[in-house]
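# Descriptive analysis of the structure
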Amino acid sequence: MHTTLPFESAIDGIGWPAVPGQRATAMLAILFQLEQSQWWPVDELHRRQMQQLGRLLTHALATVPFYRDRLAGVDFAKDGAPLPEDWARLPLLRRDEVQAAGDALVSGQVPPSHGGLSEIFTSGSTGKPVRAVRTELWSLFWSAFTVRDHLWHRRDLTGTLAAIRESGKGKAQYPDG
């Protein structure tokens, strides 16, 4: 069975091979890199993950009030990656901490290249919803991972799929939603 990716050409008069638009091009680039990196040696993959984590932690320390205190004792290696033993000692973020922290968990300086912000909420089935803020870049990665999941499972991408993923604030509230 062959799989056809759901991209249409952004160029008038071109159907195949499609020339994807900007977002589809970015998604294809992410998918290509994930496909290539899945065959890397474990040590190389771990090194790259830790480097990216170091970049994320550096940004969080500088721009997210909640994490200034939370990450104060984390040591960073020369390449900016956290030391594995320090990363392993960090406490997991609990639901009640997310709810109490509010905007203190949101970066005050989201890079412009990450795009605009939007909010998502859990349903609140445990009594109180959790609010999260995401960027357009988050959405791009989420979409790429979703396509990768569909490809791995060899789903027919020409078919129809219905999925309930999220609800906006005040919609589908527990217990009736």
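Now for a description of the structure that goes with this document. (Residues numbered from 1 in each chain as written. Predicted model: local features only at pLDDT ≥ 70, side-chain atom pairs only at ≥ 80, totals over all residues. Heavy atoms only, no water.)

## Notes on the side chain of arginine 70
The cut-off we apply is this: Helix numbering and strand numbering both begin at the N terminus, where a helix is a DSSP run of H or I of at least 4 residues and a strand a DSSP run of E of at least 2. Think of a polar contact as two N or O atoms within 3.5 Å of one another; within protein, one of them needs to be a possible hydrogen donor and the other a possible acceptor, and neighboring residues in sequence only count if both atoms come from side chains. The contact definition used throughout considers only heavy atoms, calling two residues in contact when any of these lie within 4.5 Å.
In this structure, arginine 70 sits in helix α3 (residues 65-70). Polar side-chain contacts of arginine 70 include one of 2.9 Å to the backbone oxygen of proline 91. Polar side-chain contacts of arginine 70 include one of 2.9 Å to the backbone oxygen of leucine 92. Residue contacts for arginine 70: discarding those within four places in its chain leaves Leu90, Pro91, Leu92, Leu93 and Glu97.

## Some details on the nonpolar core
Our working definition: For this analysis, a nonpolar core means a set of buried residues of the types Ala, Val, Leu, Ile, Met, Phe, Trp, Tyr and Cys, connected via side-chain atoms within 4.5 Å. When accessible area is computed with a 1.4 Å probe and restricted to protein chains, residues below 20% of their type maximum are described as buried, those above 50% as exposed, and intermediate ones as partly exposed.
With ten residues, the main nonpolar core is built from Met50, Leu53, Leu57, Ala60, Val64, Phe66, Leu71, Val74, Ala81 and Ala101. Broken down by element, the residue count for this core peaks at four residues, all from helix α2 (residues 42-63). Once residues lying within four places of it in the same chain are set aside, the contact partners of valine 74 are Pro82, Asp86 and Leu90. Formed by six residues, the second largest nonpolar core is a distinct cluster that contains Ile30, Leu31, Leu140 and Val147.

## Here we look at a nonpolar patch on the surface
Rules: Patch membership is restricted to residues that have no salt bridge and whose relative accessible area is over 30%. Joining uses 9 Å for like charges and 5 Å for the nonpolar side chains Val, Leu, Ile, Met, Phe, Trp and Tyr. Per-residue and other accessible areas follow the Shrake-Rupley method at a 1.4 Å probe size, with only the shown protein chains counted as cover for residues. For salt bridges, the criterion is a side-chain nitrogen of Lys or Arg within 4 Å of an Asp or Glu carboxyl oxygen.
A cluster of nonpolar side chains, Ile11, Ile14 and Val19, forms an exposed patch at the surface whose accessible area comes to about 220 Å². Topologically, isoleucine 11 is positioned in the segment before α1 (22-37). Looking at isoleucine 11, the relative accessible area reads 43%, which means it is partly exposed.

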